[in-house]
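Chain by chain, the residues:
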Amino acid sequence: MADQQHEDTTRDDTPRADTAHDDTAHDGTARAGTDGAGTDGAGTADDREKTPIRDLLVSAAFDLFTERGYDSTTIDDIVRRAGVGRRSFFRYFPTKEEVVFPDHEGALADMVAYLADGARDPDPVARACGAARLVMRMYAENAEFSVRRYALTRKVPALKTHETSVVRRYERALADYLRGRFATQPDGDVRAYTVAASVVAAHNYGLRAWLRSGARGDAAAGIDRALDLVHRTWGDTGETLVVITRSSTPMWQIVQQLEGRRDEGAPRGN
């Protein structure tokens, strides 16, 4: 609806009769009784005192999305259920879509930091796969929430679009890291983007299979199998052999030495 779209995507910090006060405690938790709300399924005043506002908003939003549907739930509905003021919502989430993905900003920051720490990792493809596993653990740590979000995202086109934009940010972070690592290779750019896309596709394949199962079993198992395939395909798993010769040595002798060293390292039959 046009009026709902305007309401849900526009920051409105104009004080209102029920939101002019500051409903956020210094420790980031909700103060009991704000907005005169909280009796609409949000729990007791003591519960709200102990729960961070961000978590209250996410919980209230998902309860309402389940009860009424995503499109029929407004931001005013969410803050009323959470027992906080409207300004608090926009302090944590710029749009209604963002409340469905509250953990991705932190996961992306963790991924970027992990990749930065691996600037000298001898196996950049393995590092990229490890970064994807960080995101997987974020989903696995709150399996019930992840399953609810997956079900909701499949039903709501706007959320599917938003999720796609989030996935692209992960892929871009991986590609930026790999471009730096492959900078000396003739196909460095295309290799970086191809590997990044492969890592994301492998992660999403395993993750969605786990979510479709209702989060049964080990989330890491399917994702690891898919990422291992990426690593076997793109990782540098070969050994480097160095032979020192005189510059005047004929090439055929160099090749002969290399073949001899290779045969020495080959496994022998019984």
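Owing to the predicted nature of the structure, the values given are computational and were not obtained by experimental measurement. (Residues numbered from 1 in each chain as written. Predicted model: local features only at pLDDT ≥ 70, side-chain atom pairs only at ≥ 80, totals over all residues. Heavy atoms only, no water.)

Draft legend 1. Representation of helix α8 (residues 143–155). Across its 13 residues, α8 extends 19 Å between first and last C-alpha, which sits within 8% of the 18 Å expected from 1.5 Å per residue. Along α8, the residues that are buried comprise Phe145, Ser146, Arg149, Tyr150, Leu152 and Thr153. Tucked into the core, α8 has its buried residues touching α3 (53–68), α6 (104–117), α7 (124–141), α9 (157–181) and α10 (188–212). (Helix = DSSP H or I, 4+ residues; strand = E, 2+ residues; numbered from the N terminus. Expected span 1.5 Å × (residues − 1). Buried < 20%, exposed > 50% of the residue type's maximum accessible area, 1.4 Å probe, protein only. Contact = heavy atoms within 4.5 Å.)

Draft legend 2. Broad picture of the confidence of the model for the protein. This prediction gives the protein a mean pLDDT of 81; 72% of its residues lie at or above 70. Across the protein, the secondary-structure element scoring lowest on mean pLDDT is helix α1 (residues 2–9), at 41, and the one scoring highest is helix α4 (residues 75–82), at 97. Contacts of residues 1–45 to residues separated by more than four positions or lying in other chains number 96 contacts, the stretch itself having pLDDT below 50. In this model, residues 266–270 is a region of pLDDT below 50 whose contacts with residues beyond four sequence positions or in other chains number 1 contact. (pLDDT = per-residue confidence, 0-100.)

Draft legend 3. A look at the nonpolar core. One finds Met111, Tyr170, Leu174, Leu178, Val199, Trp210 and Leu227 to be the most contacted residues of the largest nonpolar core, which totals 38 residues. Within the residue set of this core, elements represented by two or more residues are α6, α7, α9, α10 and α11 (219–234). The residues touching Leu174, leaving out its near neighbours within four places in the chain, are Met111, Leu115, Ala128, Ala131, Ala196, Val199 and Val200. Formed by 25 residues, the second largest nonpolar core is a distinct cluster that contains Ala60, Phe62, Val79 and Val156. (Core = buried A, V, L, I, M, F, W, Y, C linked by side-chain atoms within 4.5 Å.)

Draft legend 4. Summary view of unusual backbone geometry. One non-glycine residue, Ala215, lies in the positive phi region at around 65 degrees. By secondary structure assignment, the location of Ala215 is in the loop between α10 and α11. Taking the relative accessible area as the measure of exposure, Ala215 reaches 18% and is therefore buried.

Draft legend 5. Structural context of the side chain of His162. Mapped onto the elements of the fold, His162 is located in helix α9. A residue is classified by how much of its surface remains accessible, and His162, at 15% relative accessible area, is buried. Leave out the neighbours within four places in its chain, and His162 touches Glu97, Glu98 and Phe101.

Draft legend 6. Molecular detail of the packing of α9 against α10. Direction vectors running N to C along α9 and α10 enclose 135 degrees, while the axes themselves pass 8 Å from each other. The orientation of α9 with respect to α10, classified from their angle, is oblique. In the packing of α9 onto α10, the handedness of the crossing is right-handed. Judged by residue contacts, Lys160, Glu163, Val167, Glu171, Leu174, Ala175, Leu178 and Arg179 of α9 engage Asp189, Ala192, Tyr193, Val195, Ala196, Ala197, Val199, Val200, Asn204 and Arg208 from α10. A per-class count over the contact of α9 with α10 returns 11 nonpolar, 1 polar and 6 charged. (Axes fitted to C-alpha atoms, helices over the stretch in contact; angles between N-to-C directions. Parallel < 35°, antiparallel > 145°, perpendicular 65-115°, else oblique. Left-handed = near helix turned anticlockwise from the far one by under 90°. Nonpolar A, V, L, I, M, F, W, Y, C, P; charged D, E, K, R; others polar.)

Draft legend 7. Molecular detail of the pattern of salt bridges. A full pass over the atoms with the stated rule returns 13 salt bridges. Close ionic contact of Asp63 with Arg148 constitutes a salt bridge, the shortest N to O distance being 3.6 Å. Here Asp63 is found in helix α3, whereas its partner Arg148 is found in helix α8, with 85 residues between them in sequence. Look at Arg148 and you get partly exposed, because its relative accessible area is 31%. Across the salt bridge formed by Asp76 and Arg86, the nearest N and O atoms sit 2.7 Å from each other. Of this pair, Asp76 sits in helix α4 while Arg86 is found in helix α5 (residues 86–92), placing the two residues 10 residues apart along the sequence. Three or more residues are tied together by salt bridges with common partners; here these are Arg68, Asp77 and Arg80. (Salt bridge = Lys/Arg side-chain N within 4 Å of Asp/Glu carboxyl O.)

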